[in-house]
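Given next are the chains, with one letter for each unit.
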Amino acid sequence: MWEAWKKELLKLSNAGRKDLLVIISKILAGELHELDIKKIQWSENLYRCRSGKYRILFEKRGDQIKIVNIGSRGDIYKGI
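These numbers come from a predicted model, not from an experiment.

*Asks:* Describe the packing of aromatic side chains, naming the residues involved and giving the relevant values.
*Replies:* Tallying each qualifying case throughout the model produces one aromatic pair. With 5.7 Å between their ring centres and 20° between their planes, Tyr47 and Phe58 make a pair best called stacked. Taken together, the residues Tyr47 in strand β2 (residues 46-51) and Phe58 in strand β3 (residues 54-61) connect sequence positions 11 residues apart. Judged by its relative accessible area of 21%, Tyr47 is partly exposed.

Set out below in structure tokens:
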């Protein structure tokens, strides 16, 4: 079963999808040092990565990283 963020990724243009896939692969590999990442203030383990007008929300617990959601900057925080 596909996670919700994967469905959102398919809605994007090919160029936008490719850019976000590169960033997602870096996040999942733990290569966070060159990305624009900030901790979400109201959550202990939730972070966001900014890429243009899109945001990637991910959860980090120890060494485990899980993508939570992908969306535009205006809509990404509404479901949290």
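*Asks:* Help me get a handle on the sheet that holds strand β4 (residues 64-72), residues and values and all.
*Replies:* To summarise the sheet geometry, strands pair through backbone hydrogen bonds and adopt either a parallel or an antiparallel arrangement. Read across the open sheet, the four strands follow the order β1-β2-β3-β4; overall the sheet is antiparallel. The open sheet has two edge strands with one neighbour each: β1 (37-39) and β4. Neighbour-to-neighbour, the strand axes of the sheet open up by a mean angle of 25°, direction not taken into account. Strands in contact with helix α2 (residues 14-29) are β2, β3 and β4; relative to β4, the strand with the most contacts, it is inclined by about 155°.

*Asks:* Which residues make up the nonpolar core, and what are the values?
*Replies:* Core analysis: the biggest nonpolar cluster contains 15 residues, and Ile27, Ile56, Ile67 and Ile70 have the highest contact counts within it. At the level of secondary structure, the elements contributing two or more residues to this core comprise α1 (4-10), α2, β3 and β4. Here this core gets four residues from one element, more than from any other, and that element is α2. Among residues more than four places away in sequence, those in contact with Ile67 are Glu3, Trp5, Ile24, Ile27, Leu28, Ile56, Leu57 and Phe58.

*Asks:* Which residues make up the side chain of Ser51, and what values go with them?
*Replies:* With respect to the secondary-structure elements, Ser51 resides in strand β2. Excluding residues that lie within four positions of it along the chain, Ser51 makes contacts with Leu20 and Ile23.

*Asks:* How would you explain the environment of Leu28 if you had to name every residue and give the values?
*Replies:* With respect to the secondary-structure elements, Leu28 resides in helix α2. Classification of Leu28 by relative accessible area gives partly exposed; the value is 47%. Taking the C-alpha atoms as reference points, Leu28 and Phe58, separated by 30 residues in sequence, lie 9.3 Å from one another. In this structure, Leu28 is in contact with Ile65 and Ile67, ignoring residues within four places of it in sequence.

How each quantity is defined
- Residues numbered from 1 in each chain as written.
- Predicted model: local features only at pLDDT ≥ 70, side-chain atom pairs only at ≥ 80, totals over all residues.
- Heavy atoms only, no water.
- Phe/Tyr/Trp six-rings, centres within 6.5 Å; stacked < 30°, edge-to-face > 60°.
- Helix = DSSP H or I, 4+ residues; strand = E, 2+ residues; numbered from the N terminus.
- Buried < 20%, exposed > 50% of the residue type's maximum accessible area, 1.4 Å probe, protein only.
- Pairing = 2+ DSSP bridges.
- Axes fitted to C-alpha atoms, helices over the stretch in contact; angles between N-to-C directions.
- Contact = heavy atoms within 4.5 Å.
- Core = buried A, V, L, I, M, F, W, Y, C linked by side-chain atoms within 4.5 Å.

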